[in-house]
Amino acid sequence: MLRTIRLILAIVFFTLITLLFLDFTGSLHTWLGWLAKIQFLPAVLALNIGVIAALVALTLVCGRVYCSVICPLGVF
C-alpha cells in the first residue's frame with residue numbers, strides 16, 4: 001500500500017515538474033512555482049533555511065522520500 005502511494009505521488013510530482021519546465025508561456029509558474037522552490041539545490045543556492053530544514057527533517061523521519069518522490073531525477 002505504501003509503495004503504491006509513493007509511486008502515485010512520484011508520478012504526480014514528476015508530471016507537474018515536467019509541465020513546469022515545458023511551460024514556455026510562463027502561465028503555469030504562478031501555480032506550480034512552489035515545486036521549483038522545494039528542490040534541494042535551488043533552496044541551498046537561495047539560502048532558504050526553512051526549506052532545507054524541512055527537507056532534512058522529512059528525510060530523517062520518512063527516509064528517502066525526497067529522492068524517490070519529490071526530486072525529478074530520483075524518480076527514475
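The following paragraphs examine the structure supplied in this document. All values reported here derive from a predicted model rather than from experimental measurement.

### Quick look at helix H4 (residues 49–62)
With 14 residues, H4 should reach 20 Å at 1.5 Å per residue; the first-to-last C-alpha distance of 20 Å fits that figure. Of the residues flanking the end of H4, it is glycine 63, one or two places downstream, whose phi is positive at about 85°.

### Examining the packing of helix H1 (residues 2–22) against helix H2 (residues 29–37)
One way to put it is that H1 packs onto H2 with a least axis distance of 9 Å and a crossing angle of 120°. The angle between H1 and H2 falls in the class oblique. Crossing of H1 over H2 shows left-handed handedness. For the pair H1 and H2, the contacting residues are Phe13, Leu16, Ile17, Leu19 and Leu20 in the first and His29, Leu32, Gly33, Trp34, Leu35 and Ala36 in the second. For the contact of H1 with H2, the class distribution of residues is nine nonpolar, two polar and no charged.

### Observations concerning the nonpolar core
The biggest cluster of nonpolar side chains holds twelve residues, and these are Phe13, Ile17, Leu20, Leu32, Leu35, Ala43, Val51, Leu55, Tyr66, Val69, Ile70 and Cys71. At the level of secondary structure, the elements contributing two or more residues to this core comprise H1, H2, H4 and helix H5 (65–70). If we ignore the near neighbours within four places in the chain, the residues touching isoleucine 17 are Leu35, Gln39 and Pro72.

The rules we used
Residues numbered from 1 in each chain as written. Predicted model: local features only at pLDDT ≥ 70, side-chain atom pairs only at ≥ 80, totals over all residues. Heavy atoms only, no water. Helix = DSSP H or I, 4+ residues; strand = E, 2+ residues; numbered from the N terminus. Expected span 1.5 Å × (residues − 1). Axes fitted to C-alpha atoms, helices over the stretch in contact; angles between N-to-C directions. Parallel < 35°, antiparallel > 145°, perpendicular 65-115°, else oblique. Left-handed = near helix turned anticlockwise from the far one by under 90°. Contact = heavy atoms within 4.5 Å. Nonpolar A, V, L, I, M, F, W, Y, C, P; charged D, E, K, R; others polar. Core = buried A, V, L, I, M, F, W, Y, C linked by side-chain atoms within 4.5 Å. Buried < 20%, exposed > 50% of the residue type's maximum accessible area, 1.4 Å probe, protein only.

Nothing here speaks to function; it is all geometry.
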